[in-house]
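# Structural characterization, general
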Amino acid sequence: MPIDREKALTADPSVREIRWTTRDVLLYHLSLGAGAGAATGPELHLTYENSLTVLPTFAVVAGSGISSGEEAAPGFHLPGIDIDLRALLHAGQGLQVHRPLPASGTATLRSRVAEIRDKGTAALLVLESAATDAGGEPLWTTTTRIWARGEGGFGGEPGPEERWEAPDRPADSVLTCATTPQQALWYRLNGDLNPLHADPAFARAAGFDRPILHGLASYGLVCKALVDGVLDGDVTRLTGLTVRFAGPLVPGETLVTSVWHDAPADDGTGRLVLHAACPERDGAPVLTHATATVTS
């Protein structure tokens with residue numbers, strides 16, 4: 001049976017220890033274009049180890065970079081789920097940061113299958129990972145949505161319809177981020193060595209004209225754009241970011257993110273509604289269903 005929902009949901013979490021250094025953080029920031037824009041200067045708070053601050057989305061690659069000792073990120077091995085890796089699409093990503101990330105450190109990462117939904121022609125897997133420091137204090141929690149084509153029909157619930165529309169008013173901010181032709185080659189060094197992002201022949205076999213940028217690279221680009229363009233460069237003000245991956249971005253194309261501000265909550269936190277698109281492809285969506293939580 002390719003998917004055993006009960007076995008997957010009741011399995012003990014997998015636990016592993018991860019570590020990262022300032023070099024991992026510096027490489028992550030450089031792979032997102034930090035320090036490359038003449039208008040922003042060298043961005044030493046992101047590109048120099050002295051007084052280094054950490055973009056929150058570094059959490060999604062922590063423990064997989066050059067200091068991990070691994071050739072690539074850990075594979076896809078989940079109890080109760082036996083499916084063809086070629087059927088999987090990264091459908092969405094969420095992140096909650098419980099406190100500012102240290103520029104180097106260790107953590108215990110506990111991962112589990114949080115939900116499986118039967119979408120008929122596909123299955124939607126929701127994976128959750130929670131990181132804690134040596135004292136057991138929470139650092140971050142990530143939620144990853146995986147679309148498994150051809151794996152539906154196992155008798156599970158489809159879950160609620162999740163409709164999304166941009167607010168019916170002009171965006172409060174529009175953030176433009178240019179990517180470079182080598183952006184995916186840089187980003188691969190954070191741990192995801194999938195040839196889809198480097199090998200033209202592999203990309204064509206997968207149905208693309210050329211290698212595409214990692215979805216998590218687009219995710220990080222939006223994070224950096226928000227920090228730069230809305231949060232005055234303060235990485236600690238962004239505490240959450242949730243997106244759906246709606247379409248690919250090719251290295252060298254532009255990512256334009258529209259931002260709408262919601263009224264602050266009683267606790268002082270704010271909510272941003274986001275939509276990211278590619279103007280070179282007539283505004284084709286790249287990230288949708290996107291929200292960010294911020295502090296004042």
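Residues numbered from 1 in each chain as written. Predicted model: local features only at pLDDT ≥ 70, side-chain atom pairs only at ≥ 80, totals over all residues. Heavy atoms only, no water.

## A word on the overall build of the protein
Helix and strand counts for the protein come out as 6 helices and 10 strands. Here the C-alpha atoms of the protein give a radius of gyration of 19 Å, agreeing with the 19 Å that 2.2 N^0.38 yields for 296 residues. With respect to the principal axes defined by its C-alpha atoms, the protein has extents near 55 × 50 × 50 Å. Sorting the 296 residues of the protein into buried and exposed places 44% on the buried side. When contacts within the protein are restricted to residue pairs at least 6 apart in sequence, those whose partners lie at least 24 apart make up 72%. Here the protein displays about 14,600 Å² of accessible surface, and carbon together with sulfur accounts for 51% of that area. Across the protein, the mean location of the 23 positive side-chain charges is 2 Å away from that of the 35 negative side-chain charges. (Helix = DSSP H or I, 4+ residues; strand = E, 2+ residues; numbered from the N terminus. Rg over C-alpha atoms; globule rule 2.2 N^0.38 Å. Buried < 20%, exposed > 50% of the residue type's maximum accessible area, 1.4 Å probe, protein only. Contact = heavy atoms within 4.5 Å. Areas by Shrake-Rupley, 256 points an atom, 1.4 Å probe, with all protein chains shown as cover. Lys, Arg positive; Asp, Glu negative; His and termini not counted. Charge placed at Lys NZ, Arg CZ, Asp CG, Glu CD.)

## Some words on the side chain of Thr 132
Along the chain, Thr 132 turns up in strand 4 (residues 122-132). Judged by its relative accessible area of 16%, Thr 132 is buried. Separated by 3.5 Å, the side chains of Thr 132 and Arg 110 make a polar contact. Residues in contact with Thr 132, not counting those within four places in the same chain, are Ala 107, Thr 108, Arg 110, Glu 137, Pro 138 and Leu 139. (Polar contact = N/O pair within 3.5 Å; in protein donor to acceptor, adjacent residues only side chain to side chain.)

## Quick look at a nonpolar patch on the surface
Together, Leu 30, Trp 186 and Leu 189 give the surface a local cluster of nonpolar side chains, amounting to about 270 Å² of exposed area. You can see Leu 30 is positioned in helix 2 (residues 22-31). (Patch = residues over 30% accessible without salt bridge, like charges linked within 9 Å, V, L, I, M, F, W, Y side chains within 5 Å. Salt bridge = Lys/Arg side-chain N within 4 Å of Asp/Glu carboxyl O.)

## Digging into the nonpolar core
Core analysis: the biggest nonpolar cluster contains 58 residues, and Trp 20, Trp 140, Leu 226 and Leu 274 have the highest contact counts within it. By residue number, the principal contributor to this core is helix 6 (residues 215-229), which donates 9 residues. (Core = buried A, V, L, I, M, F, W, Y, C linked by side-chain atoms within 4.5 Å.)

## Notes on the pattern of salt bridges
Following the criterion strictly, the structure yields 9 salt bridges and no others. Between Arg 99 and Asp 133 there is a salt bridge, and its shortest N-O distance comes to 2.6 Å. With a gap of 34 residues between them, Arg 99 in the loop between strand 2 (88-97) and strand 3 (105-118) and Asp 133 in the loop between strand 4 and strand 5 (138-149) connect regions that are remote in the sequence. Arg 237 is the partner of Asp 232 in a salt bridge, and the nearest nitrogen-oxygen pair spans 3.5 Å. Residue classification places Asp 232 among the exposed positions, given a relative accessible area of 70%. Residue Arg 237 is classed as buried on the basis of its relative accessible area of 17%. By sharing partners, the salt bridges in this structure join Glu 43, Lys 224 and Asp 228 into a single network.

## Brief notes about the side chain of Thr 21
Its location among the elements puts Thr 21 in the loop between strand 1 (14-20) and helix 2. Filtering out sequence-adjacent residues up to four positions away, Thr 21 remains in contact with Ser 67, Ala 103 and Ser 104.

## Comments concerning the pairing of strand 6 (residues 173-178)
Because side chains alternate across strand 6, one face comprises the buried residues Ser 173, Leu 175 and Cys 177, and the other comprises Val 174, Thr 176 and Ala 178, none of which is buried. With 6 bridges joining them, strand 6 and strand 8 (residues 254-261) adopt antiparallel strand pairing. Note that in strand 8 the partner of Cys 177 across the bridge is Leu 255. (Pairing = 2+ DSSP bridges.)

## Quick notes on the environment of Pro 79
Mapped onto the elements of the fold, Pro 79 is located in the loop between helix 3 (44-47) and strand 2. The class of Pro 79 is partly exposed, set by a relative accessible area of 36%. For the pair Pro 79 and Arg 117, spaced 38 residues apart in sequence, the C-alpha separation works out to 16 Å. Apart from residues no more than four positions distant in its own chain, Pro 79 is found in contact with Lys 7, Ala 8 and Ala 11.

## Description of helix 6
Within an α-helix, residues lying three or four positions from one another point in the same direction, as the helix has 3.6 residues per turn. Taking 1.5 Å per residue as the helical rise, helix 6 with its 15 residues ought to reach 21 Å, and the 21 Å between its terminal C-alpha atoms agrees with that figure. Those residues of helix 6 that fall on the buried side of the exposure criterion are Leu 216, Ala 217, Ser 218, Tyr 219, Gly 220, Leu 221, Val 222, Cys 223, Lys 224, Ala 225, Leu 226 and Val 227. (Expected span 1.5 Å × (residues − 1).)

## Details of the packing of aromatic side chains
Under the defined criterion, the tally for this structure stands at 4 aromatic pairs. Pairwise contacts between aromatic rings join Trp 20, Tyr 28, Phe 58, Trp 140 and Tyr 187 into one cluster. (Phe/Tyr/Trp six-rings, centres within 6.5 Å; stacked < 30°, edge-to-face > 60°.)

## Structural notes on the environment of Arg 86
Looking at the element boundaries, Arg 86 is found in the loop between helix 3 and strand 2. Note on Arg 86: relative accessible area 69%, which makes it exposed. Sequence spacing of Arg 86 and Ala 206 is 120 residues, and the spatial spacing of their C-alpha atoms is 9.4 Å.

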